[in-house]
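Remarks on the overall topology
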Amino acid sequence: MTDSSEGKHESLAQEEFAKCSEGTKPVDASLILNGSKSPGIPLARKVSYAVGGMPYQMTMTVKGFFMQIFLLDVVQMDAFYASLILFLGRAWDAVTDPIVGYMVSKSGRTCIGKLIPWIVFSLPFGVVSYVMMWFVPQDSMSPGFSFSWFFVWTCLFDLFMSCYHVPYSSLNMFLGGDQKERDSATGYRMGMEIFATLAGAIIQGQIVGVYHAKKARACSRLNYTETVPVNLSSPALQNFTSSLTDSLQNTRRAYVVAALVLASLYFLSCLVLFLGVKEQPAPLSTLDRVKMPYLVGVNLMVRHTPYVRLVFGFFFSSLAFQMAQGNFALFCTHIAGLGSYFQYLIIVVSVAATLSIPLWQTLLGKLGKKTTLFIGLSVYAPTLAVTVCIYNRLDITMILGIIIGASLGALYLLPWSMLPDAVDDFKVKNPSSKNLEPMFYSCYVFFNKFGGGLSLGISTLVLHFAGYKPGACKQNPTVIKALQFLFAPVPIVLVLMGMLLFCFYPINEERRQQIQKDLHKAEKEDEDVAMDAVLL
């Protein structure tokens, strides 16, 4: 085929793919290419796609690190109500993902695509609900009103973020190019998402961390008065108490300011995604409405062994990281005595995770995805064990934070890079079941979010029964032991369970290459059928 004829086929493919007027049934562009090799994904499209992943990761990072301490020590909500918000909110968030995924699958293609409209139209609602989620409407609230306010706004934000993130995750399959190019785009995405984790940690930490540090210093002075006889009516003690009250009001305002900054970045990231990414056809996918009933599609997914093992391996591994993440601020504040520095420790972990992505990407190409994932996860458990044993040394804790961050980078990159392989394997084995990508990705996101809800809900409930006192400078020994248990032993067991499930994941490098061959063969057969239909 000459360059000119190939260009004509490419042009025809794009014209057919762009047709979205009502009543028009566009031909699958991949079929019209008539066997030509899929072009690579342009760098600008990869970067724009990667930037689109920042809102989810920034907001989820901030919620993971700061939501628990915000509800307990800033809102000063009872630990039982806080546990309900954290667990039920994330459970609601998780349940909405498969529903949104199915609704996306059932939606039709528009002039700007099938997935992009969901991302764009959910944007303003997500921005507003995120800001309101961190706003404390009154200085003193009844337990019922406080619970209702934060629970409603948390559920609304999670719903709109699902409408953003589920189609965004599915967009990986429709960037164009082959599996190698999609893996490269995934690498860009994970690098940018970890950068978003870093950005969220820095922005939130620097804006609100200074007030947490002031409270930690005030608590330190107040604790000192408990060991040294001091007149309770002395001006010094009264100043300490006043400083705690002023610090609380300033901290509440700081959380709203941080939310506004992150909401602005949310908007800009979505704008870059909209301008830089156009949906492309994928092998054995047409981006048309799914005609298959929801339960039939779910049944096909749960019977696909590679996907099920990958999902549950990711679930337990992600649950381990989120369990430690959710209790990190409280661990630093009430056990390690590093409450004034925990925002800097979060930055260290995030920087290490960001810088480790190129390393894992390189190892992925040389050793394979499954082996590289095992290397990344294997360092997590011993590092956590050392951290909980040697916790009062800032320098040692930072070194351990670097190792934890590198392991976190592997968890960000590898399971998401393995997911397209499992989806392609399903498409090869079930060629008649098309356009189910949003359902696969939504269920994957579901288990990740459900793990986050479990980790925060169980952690806060355990602290409630241990006797945690919201806003108190000093906690009882039972709370201290509960925090130690939640920060290390539980995550270690969970990550080992995840690694065990990954052992039985059947898609290695040899199988992955065979899947790509089978996929191209099936694509060629579809092309031949389509060309025969055109000629007739």
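Attention here is on the structure that accompanies the text. (Residues numbered from 1 in each chain as written. Predicted model: local features only at pLDDT ≥ 70, side-chain atom pairs only at ≥ 80, totals over all residues. Heavy atoms only, no water.)

Next up on the list: the overall build of the chain. Looking only at helices and strands, one finds 19 helices and zero strands in the chain. The contacts in the chain between residues at least 6 apart in sequence include a share of 85% that link residues at least 24 apart. As displayed, the chain offers around 21,700 Å² of accessible surface, 66% of which is attributable to carbon and sulfur atoms. (Helix = DSSP H or I, 4+ residues; strand = E, 2+ residues; numbered from the N terminus. Contact = heavy atoms within 4.5 Å. Areas by Shrake-Rupley, 256 points an atom, 1.4 Å probe, with all protein chains shown as cover.)

Regarding helix H13 (residues 369-378), the residues found buried are Lys 369, Thr 372, Leu 373, Gly 376 and Leu 377. The buried residues of H13 occupy an angular sector of 130 degrees when the element is viewed end-on, so they sit on one face. (Buried < 20%, exposed > 50% of the residue type's maximum accessible area, 1.4 Å probe, protein only. Arc of directions from axis to C-beta.)

Now for the packing of aromatic side chains. One pass over the full model with this rule turns up 27 aromatic pairs. On the basis of an interplanar angle of 85 degrees and a centroid distance of 5.0 Å, the ring pair of Trp 416 and Tyr 444 is categorised as edge-to-face. On the criterion of sequence distance, the pair formed by Trp 416 in helix H15 (residues 394-429) and Tyr 444 in helix H16 (residues 437-466) is long-range, its members being 28 residues apart. Given the relative accessible area of 8%, Trp 416 is considered buried. Residue class for Tyr 444 comes out buried when judged on its relative accessible area of 0%. An aromatic cluster of at least three residues, connected via ring pairs, comprises Phe 70, Tyr 130, Trp 134, Phe 150, Phe 157 and Tyr 255. (Phe/Tyr/Trp six-rings, centres within 6.5 Å; stacked < 30°, edge-to-face > 60°.)

Ranked by internal contacts, the top residues of the largest apolar core, which has 145 residues, are Phe 66, Phe 70, Leu 71, Trp 134, Phe 150 and Tyr 307. With 16 residues, helix H11 (residues 305-334) is the single largest residue contributor to this core. Ignoring any residue separated from it by four or fewer positions in sequence, one finds Trp 134 in contact with Val 62, Lys 63, Phe 66, Met 67, Phe 70, Tyr 255, Val 256 and Ala 259. (Core = buried A, V, L, I, M, F, W, Y, C linked by side-chain atoms within 4.5 Å.)

Here we come to the pattern of salt bridges. Summed over the entire model, instances satisfying the criterion amount to nine salt bridges. The shortest N-O distance in the salt bridge between Asp 158 and Lys 63 comes to 2.9 Å. Note that Asp 158 is positioned in helix H7 (residues 143-170) and Lys 63 in helix H4 (residues 54-74), a separation of 95 residues in sequence. Grouping residues by exposure puts Asp 158 and Lys 63 together as buried. (Salt bridge = Lys/Arg side-chain N within 4 Å of Asp/Glu carboxyl O.)

So, on to unusual backbone geometry. When glycine is set aside, most residues are seen to have a negative phi, and most peptide bonds are trans. Even without being a glycine, Gln 76 presents a positive backbone phi close to 60 degrees. Within the fold, Gln 76 resides in the loop between H4 and helix H5 (79-106). Take Gln 76: its relative accessible area is 42%, and that puts it in the partly exposed class.

Bringing the environment of Glu 437 into the picture now. Within the element layout of this structure, Glu 437 appears in helix H16. When the C-alpha atoms of Glu 437 and Pro 167 are compared, they prove to be 9.4 Å apart, with 270 residues separating the residues in sequence.

Attention shifts here to H16. For H16, spanning 30 residues, the distance from its first C-alpha to its last is 44 Å, which sits close to the expected 44 Å at 1.5 Å a residue. Among the 30 residues that make up H16, 24 are buried, leaving the element largely enclosed by the rest of the structure. With its phi angle positive at about 100 degrees, Gly 467 sits one or two positions after the end of H16. (Expected span 1.5 Å × (residues − 1).)

Which parts of space are left empty comes out when a probe the size of a water molecule is rolled across the atoms. Summed over all chains, the structure comprises seven cavities of 30 Å³ or more. In terms of lining residues, the largest cavity is bounded by 37 residues, among which Phe 321, Gln 322, Gln 325, Leu 408 and Tyr 412 are the most central. Considering each element in turn, the lining of the largest cavity owes the most residues, nine residues, to H15. Across the lining of the largest cavity, the residue classes break down as 21 nonpolar, 13 polar and three charged. In this structure, the second largest cavity occupies an estimated 60 Å³ of space. Among the secondary structure elements, those contributing two or more residues to the lining of the second largest cavity are H4 and H5. Taken together, the residues that form the lining of the second largest cavity break down as four nonpolar, two polar and two charged. (1 Å grid on protein atoms, 1.4 Å probe; cavity = no way out; pocket = protein on both sides within 12 Å on 5 of 7 lines; lining within 4 Å. Points joined across faces, edges and corners; volume = space filled by probe spheres on them. Nonpolar A, V, L, I, M, F, W, Y, C, P; charged D, E, K, R; others polar.)

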